[in-house]
Amino acid sequence: MTALVAGVDEAGRGPLAGPVCVAAVILDPARAIDGLGDSKQLSERRREALYPLILERAVAWRIEFVEAAEIDQRNILQATMAGMRRAVALLSPAAAHALVDGNRVPDGLPCPATAIVDGDALEPAIMAASILAKVARDARMRALHQQYPAYGFDRHKGYPSPLHREALRLHGPCPEHRRSFAPVREALAAAGLLA
């Protein structure tokens, strides 16, 4: 049998609110998935159509959310690395090697790994992980919109759009906001909530 290679990617490092989402995927060479690509280049409709195919045809997959509190505790880079470690460690069957999108491999992975800059445009397993992470995170942000409708999370998914910044100014941060991010700290300070 071919060595099991996992693609690893994340979605949501830049937003001011919500989790960062990490996915790890081991594709099955015998069950190809047409139309994979960098999730940022695919339409929402195409990502949504590919998501269940990836879940169905992959040898293994894992989606991990790293919540805002952990991002604030660790910082966004270390929180993302922790999510990647967890996602790869929880694959079953285990990966023999991991291909990680970007220029850095997390410490403590349970297998050897290679960082690939722009891997989400080059490696099918990373493309699949990118799609799972993006679709899962978008769904989480739509759910958070139901809890906190004043912020428009269903529209901007927590990214620092003008709409989001204005909601933050008007309402202050909610529990899902990343307090270690400057615009959120500024909103806290403006509301007199920062020591």
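First, a word on scope: everything that follows refers to the structure included in this document. Since the structure is predicted, the reported quantities are computational estimates derived from the model, not experimental observations. (Residues numbered from 1 in each chain as written. Predicted model: local features only at pLDDT ≥ 70, side-chain atom pairs only at ≥ 80, totals over all residues. Heavy atoms only, no water.)

1. Notes on the pairing of strand β1 (residues 5–11)
In the case of a regular strand, side chains alternate between the two sheet surfaces.
Stage number 1. Of all seven residues in β1, five are buried; the element is thus mostly enclosed.
Stage number 2. Note that β1 and strand β4 (residues 97–101) share four bridges and pair parallel. Directly across from Ala6, in β4, lies its bridge partner Ala98.
Stage number 3. In terms of strand pairing, β1 meets strand β2 (residues 20–26) through six bridges, oriented antiparallel. (Buried < 20%, exposed > 50% of the residue type's maximum accessible area, 1.4 Å probe, protein only. Helix = DSSP H or I, 4+ residues; strand = E, 2+ residues; numbered from the N terminus. Pairing = 2+ DSSP bridges.)

2. Focus: unusual backbone geometry
Stage number 1. Ser92 connects to Pro93 through a cis peptide bond whose omega is 5°.
Stage number 2. Secondary-structure assignment places Pro93 in the loop between α3 (76–89) and β4.
Stage number 3. The phi dihedral of Asn75 falls on the positive side, at around 100°, and the residue is not glycine.
Stage number 4. As for its placement among the helices and strands, Asn75 is situated in the loop between α2 (68–74) and α3.
Stage number 5. Judged by its relative accessible area of 38%, Asn75 is partly exposed.
Stage number 6. Of note, Asp118 is a non-glycine position whose phi angle comes to about 60°, a positive value.

3. Observations concerning helix α6 (residues 162–171)
Stage number 1. For α6, every residue scored as buried is listed here: His164, Ala167 and Leu168. Considered in projection along α6, the buried side chains sweep an arc of 100° and stay on one side of the axis. Exposed residues lying more than 90 degrees from the buried face of α6 are Pro162, Arg169 and Leu170.
Stage number 2. The secondary structure elements touched by the buried residues of α6 are α5 (153–156) and α7 (182–190).
Stage number 3. Remark: Gly172 follows α6 within two positions and exhibits a positive phi of approximately 70°. (Arc of directions from axis to C-beta. Contact = heavy atoms within 4.5 Å.)

4. Section: the pattern of salt bridges
Stage number 1. Counted according to the given criterion, the structure contains 13 salt bridges.
Stage number 2. Notably, a salt bridge pairs Arg31 with Glu56, separated by 3.5 Å at the nearest N-O pair. A residue pair is termed long-range when its members are at least 10 positions apart, and Arg31 in the loop between β2 and α1 (44–57) and Glu56 in helix α1 qualify at 25 residues.
Stage number 3. You can call Arg31 partly exposed: its relative accessible area is 36%.
Stage number 4. The salt bridge partner of Arg142 is Glu44, with a shortest N-O separation of 3.6 Å. With Arg142 in helix α4 (residues 124–147) and Glu44 in helix α1, the pair connects residues that are 98 residues apart, well separated along the chain.
Stage number 5. In this structure Arg142 comes out as partly exposed when scored by relative accessible area, which is 29%. (Salt bridge = Lys/Arg side-chain N within 4 Å of Asp/Glu carboxyl O.)

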